[in-house]
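Listed here are the chains, written in short residue letters.
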Amino acid sequence: MSIGRIMGLDYGSKTIGIAISDLLGLTAQGVETLKINEEINDFKIKRIKELVREQDIKKIVIGLPKNMNNSIGFRGEATIKFSEILKQKIKTVEIVFQDERLSTVGAERVLLEANLSRKKRKQVIDKMAAVIILQTYLDTINRRA
(Lines give C-alpha, C1' and ligand atoms only; values in the text may rest on other atoms or scores of the structure.)
Protein backbone atom coordinates (compact mmCIF):
# COMPACT_ATOMS: atom_id res chain seq x y z
CA MET A 1 0.00 0.00 0.00
CA SER A 2 1.43 3.36 -1.04
CA ILE A 3 1.51 6.13 1.57
CA GLY A 4 3.14 8.59 -0.81
CA ARG A 5 6.53 10.20 -0.59
CA ILE A 6 7.72 11.81 2.63
CA MET A 7 10.47 14.42 2.80
CA GLY A 8 12.99 14.52 5.64
CA LEU A 9 14.84 17.72 6.52
CA ASP A 10 17.96 18.14 8.64
CA TYR A 11 17.84 21.85 9.42
CA GLY A 12 21.13 23.45 10.41
CA SER A 13 22.46 26.98 10.79
CA LYS A 14 24.15 26.94 7.36
CA THR A 15 22.58 24.05 5.46
CA ILE A 16 19.46 21.93 5.12
CA GLY A 17 19.95 18.28 4.26
CA ILE A 18 17.08 16.76 2.29
CA ALA A 19 15.97 13.14 1.95
CA ILE A 20 12.89 11.67 0.29
CA SER A 21 11.20 8.32 0.86
CA ASP A 22 10.10 5.80 -1.72
CA LEU A 23 6.36 5.62 -2.51
CA LEU A 24 5.80 2.80 -0.03
CA GLY A 25 7.41 4.73 2.82
CA LEU A 26 10.00 2.04 3.49
CA THR A 27 13.32 3.64 2.60
CA ALA A 28 14.88 7.10 2.61
CA GLN A 29 17.30 8.40 -0.01
CA GLY A 30 19.41 11.53 0.25
CA VAL A 31 18.55 14.13 -2.37
CA GLU A 32 20.56 17.30 -1.83
CA THR A 33 21.96 19.82 0.60
CA LEU A 34 20.84 23.44 0.43
CA LYS A 35 23.06 26.29 1.60
CA ILE A 36 21.01 28.73 3.68
CA ASN A 37 21.57 32.00 5.53
CA GLU A 38 19.60 32.29 8.79
CA GLU A 39 20.76 35.89 9.36
CA ILE A 40 18.83 37.15 6.33
CA ASN A 41 16.03 34.54 6.51
CA ASP A 42 17.19 32.82 3.31
CA PHE A 43 15.84 29.31 3.92
CA LYS A 44 15.59 28.18 0.27
CA ILE A 45 11.83 27.69 0.68
CA LYS A 46 11.38 28.04 -3.09
CA ARG A 47 13.59 24.98 -3.72
CA ILE A 48 11.84 22.97 -1.01
CA LYS A 49 8.47 23.87 -2.56
CA GLU A 50 9.75 22.75 -5.98
CA LEU A 51 10.76 19.38 -4.56
CA VAL A 52 7.40 19.01 -2.80
CA ARG A 53 5.64 19.62 -6.09
CA GLU A 54 8.00 17.55 -8.29
CA GLN A 55 8.06 14.55 -5.95
CA ASP A 56 4.40 14.80 -4.88
CA ILE A 57 5.41 14.96 -1.20
CA LYS A 58 2.62 14.11 1.25
CA LYS A 59 4.42 14.95 4.52
CA ILE A 60 7.58 16.71 5.70
CA VAL A 61 9.52 15.41 8.70
CA ILE A 62 11.93 17.88 10.29
CA GLY A 63 14.61 16.68 12.66
CA LEU A 64 14.17 18.41 16.02
CA PRO A 65 17.45 18.67 17.90
CA LYS A 66 16.87 18.16 21.60
CA ASN A 67 19.28 18.21 24.48
CA MET A 68 20.04 14.86 26.07
CA ASN A 69 17.69 15.77 28.97
CA ASN A 70 14.85 16.17 26.39
CA SER A 71 14.77 19.98 26.67
CA ILE A 72 14.75 22.29 23.65
CA GLY A 73 17.85 24.43 23.26
CA PHE A 74 18.82 27.23 20.88
CA ARG A 75 19.08 25.01 17.78
CA GLY A 76 15.75 23.38 18.61
CA GLU A 77 14.11 26.79 18.89
CA ALA A 78 15.62 27.83 15.54
CA THR A 79 14.27 24.62 14.00
CA ILE A 80 10.77 25.30 15.37
CA LYS A 81 10.92 28.83 13.95
CA PHE A 82 11.95 27.42 10.56
CA SER A 83 9.07 24.92 10.68
CA GLU A 84 6.59 27.73 11.33
CA ILE A 85 7.88 29.64 8.31
CA LEU A 86 7.69 26.46 6.23
CA LYS A 87 4.09 25.83 7.37
CA GLN A 88 3.12 29.34 6.22
CA LYS A 89 4.71 28.81 2.80
CA ILE A 90 3.76 25.17 2.15
CA LYS A 91 0.19 24.55 3.24
CA THR A 92 -0.43 21.42 1.17
CA VAL A 93 1.52 18.98 3.36
CA GLU A 94 1.59 18.05 7.01
CA ILE A 95 4.81 19.01 8.80
CA VAL A 96 5.93 16.96 11.81
CA PHE A 97 9.03 16.66 13.98
CA GLN A 98 11.29 13.68 14.58
CA ASP A 99 13.66 13.62 17.55
CA GLU A 100 17.10 13.82 15.99
CA ARG A 101 19.44 13.52 18.93
CA LEU A 102 22.72 12.12 17.65
CA SER A 103 21.62 11.89 13.99
CA THR A 104 24.67 13.87 12.85
CA VAL A 105 26.90 11.66 15.01
CA GLY A 106 25.32 8.61 13.39
CA ALA A 107 25.77 10.07 9.93
CA GLU A 108 29.42 10.83 10.66
CA ARG A 109 29.96 7.26 11.86
CA VAL A 110 28.40 5.80 8.69
CA LEU A 111 30.53 8.05 6.48
CA LEU A 112 33.71 7.19 8.41
CA GLU A 113 32.96 3.48 8.02
CA ALA A 114 32.51 4.10 4.29
CA ASN A 115 36.08 5.47 4.36
CA LEU A 116 35.15 8.80 2.78
CA SER A 117 37.65 11.62 2.86
CA ARG A 118 37.03 14.50 5.27
CA LYS A 119 36.19 16.79 2.35
CA LYS A 120 33.65 14.33 0.92
CA ARG A 121 32.11 13.71 4.36
CA LYS A 122 31.62 17.44 4.81
CA GLN A 123 29.80 17.59 1.46
CA VAL A 124 27.31 14.83 2.29
CA ILE A 125 26.93 14.83 6.11
CA ASP A 126 23.72 16.91 6.18
CA LYS A 127 22.10 14.83 3.45
CA MET A 128 23.03 11.66 5.35
CA ALA A 129 21.62 13.12 8.59
CA ALA A 130 18.34 13.83 6.73
CA VAL A 131 18.29 10.18 5.62
CA ILE A 132 18.75 9.03 9.22
CA ILE A 133 16.00 11.37 10.46
CA LEU A 134 13.57 10.23 7.77
CA GLN A 135 14.45 6.54 8.08
CA THR A 136 13.92 6.69 11.86
CA TYR A 137 10.49 8.24 11.26
CA LEU A 138 9.61 5.64 8.60
CA ASP A 139 10.69 2.77 10.85
CA THR A 140 8.52 4.18 13.65
CA ILE A 141 5.37 4.50 11.54
CA ASN A 142 5.91 1.12 9.89
CA ARG A 143 6.23 -0.59 13.29
CA ARG A 144 2.83 0.85 14.26
CA ALA A 145 1.17 -0.43 11.08
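The rules behind these values
Residues numbered from 1 in each chain as written. Predicted model: local features only at pLDDT ≥ 70, side-chain atom pairs only at ≥ 80, totals over all residues. Heavy atoms only, no water. Helix = DSSP H or I, 4+ residues; strand = E, 2+ residues; numbered from the N terminus. Buried < 20%, exposed > 50% of the residue type's maximum accessible area, 1.4 Å probe, protein only. Contact = heavy atoms within 4.5 Å. Areas by Shrake-Rupley, 256 points an atom, 1.4 Å probe, with all protein chains shown as cover. Core = buried A, V, L, I, M, F, W, Y, C linked by side-chain atoms within 4.5 Å. Phe/Tyr/Trp six-rings, centres within 6.5 Å; stacked < 30°, edge-to-face > 60°. Pairing = 2+ DSSP bridges. Salt bridge = Lys/Arg side-chain N within 4 Å of Asp/Glu carboxyl O.

A. Highlighting the overall build of the protein chain. Helix and strand counts for the protein chain come out as 4 helices and 5 strands. Ordered by position from the N terminus, the helices and strands of the protein chain form the series β-β-β-α-β-α-β-α-α. Within the protein chain, the proportion of its 145 residues that are buried is 43%. Restricting to contacts in the protein chain with at least 6 residues of sequence separation, those with at least 24 account for 60%. As displayed, the protein chain offers around 8,400 Å² of accessible surface, 52% of which is attributable to carbon and sulfur atoms.

B. Just unusual backbone geometry, in detail. Backbone geometry at Asn 41 places phi at a positive 55°, although glycine is not the residue there. Tracing the sequence through the fold places Asn 41 in the loop between strand S3 (28-35) and helix H1 (45-55). Non-glycine residue Lys 44 carries a positive phi angle of around 55°. Note on placement: Lys 44 falls in the loop between S3 and H1. Relative accessible area serves as the criterion here: at 30%, Lys 44 is assigned to the partly exposed category.

C. Up close: the nonpolar core. One finds Met 7, Leu 9, Ile 16, Ile 48, Ile 60, Phe 82 and Leu 86 to be the most contacted residues of the largest nonpolar core, which totals 23 residues. Contact partners of Phe 82, with chain neighbours within four places excluded, come to Leu 9, Tyr 11, Ile 16, Phe 43, Ile 45, Ile 48 and Ile 62. Within the second largest apolar cluster, 12 residues are counted, among which are Val 131, Ile 133, Leu 138 and Ile 141.

D. Spatial organisation of the packing of aromatic side chains. Counted by the stated rule, this structure contains 3 aromatic pairs. A ring pair is formed by Phe 43 and Phe 82, whose centres lie 5.7 Å apart and whose planes are at 55°; its orientation type is tilted. Placement of Phe 43 in the loop between S3 and H1 and of Phe 82 in helix H2 (residues 74-89) is noted, with a sequence separation of 39 residues between them. We note that Phe 43, like Phe 82, is buried. Taken together, Tyr 11, Phe 43 and Phe 82 form an aromatic cluster joined through their ring pairs.

E. Main features of the pairing of strand S1 (residues 5-11). Burial of S1 is extensive: 6 of the 7 residues sit out of reach of the surface. Alignment of S1 against strand S4 (residues 57-64), held across 5 bridges, turns out to be parallel. Looking at S4, one finds that Ile 6 is bridged to Lys 59. In the sheet, S1 pairs with strand S2 (residues 15-21) via 5 bridges, with the strands oriented antiparallel. Residue Gly 8 lies in a different strand from S2, and its bridge partner there is Ala 19. The antiparallel hairpin formed by S1 and S2 contains 3 residues in its connecting segment.

F. Inspection of the side chain of Gln 98 at higher detail. Its place among the elements puts Gln 98 in strand S5 (residues 94-99). Excluding residues within four positions of it along the chain, Gln 98 makes contact with Val 61, Ile 62, Gly 63, Leu 64, Ile 133, Thr 136 and Tyr 137.

G. Focus on the environment of Arg 53. Looking at the secondary structure, you find Arg 53 in helix H1. Exposure remark for Arg 53: the relative accessible area of 61% places this residue in the exposed category. For the pair Arg 53 and Thr 92, spaced 39 residues apart in sequence, the C-alpha to C-alpha distance is 9.6 Å.

H. A look at the pattern of salt bridges. Counted according to the given criterion, the structure contains 7 salt bridges. Between Asp 42 and Lys 44 there is a salt bridge, with the nearest N and O atoms lying 2.6 Å from each other. The class of Asp 42 is partly exposed, set by a relative accessible area of 27%. Where Lys 58 meets Asp 56, a salt bridge forms, and the shortest distance between an N and an O atom there is 3.1 Å.

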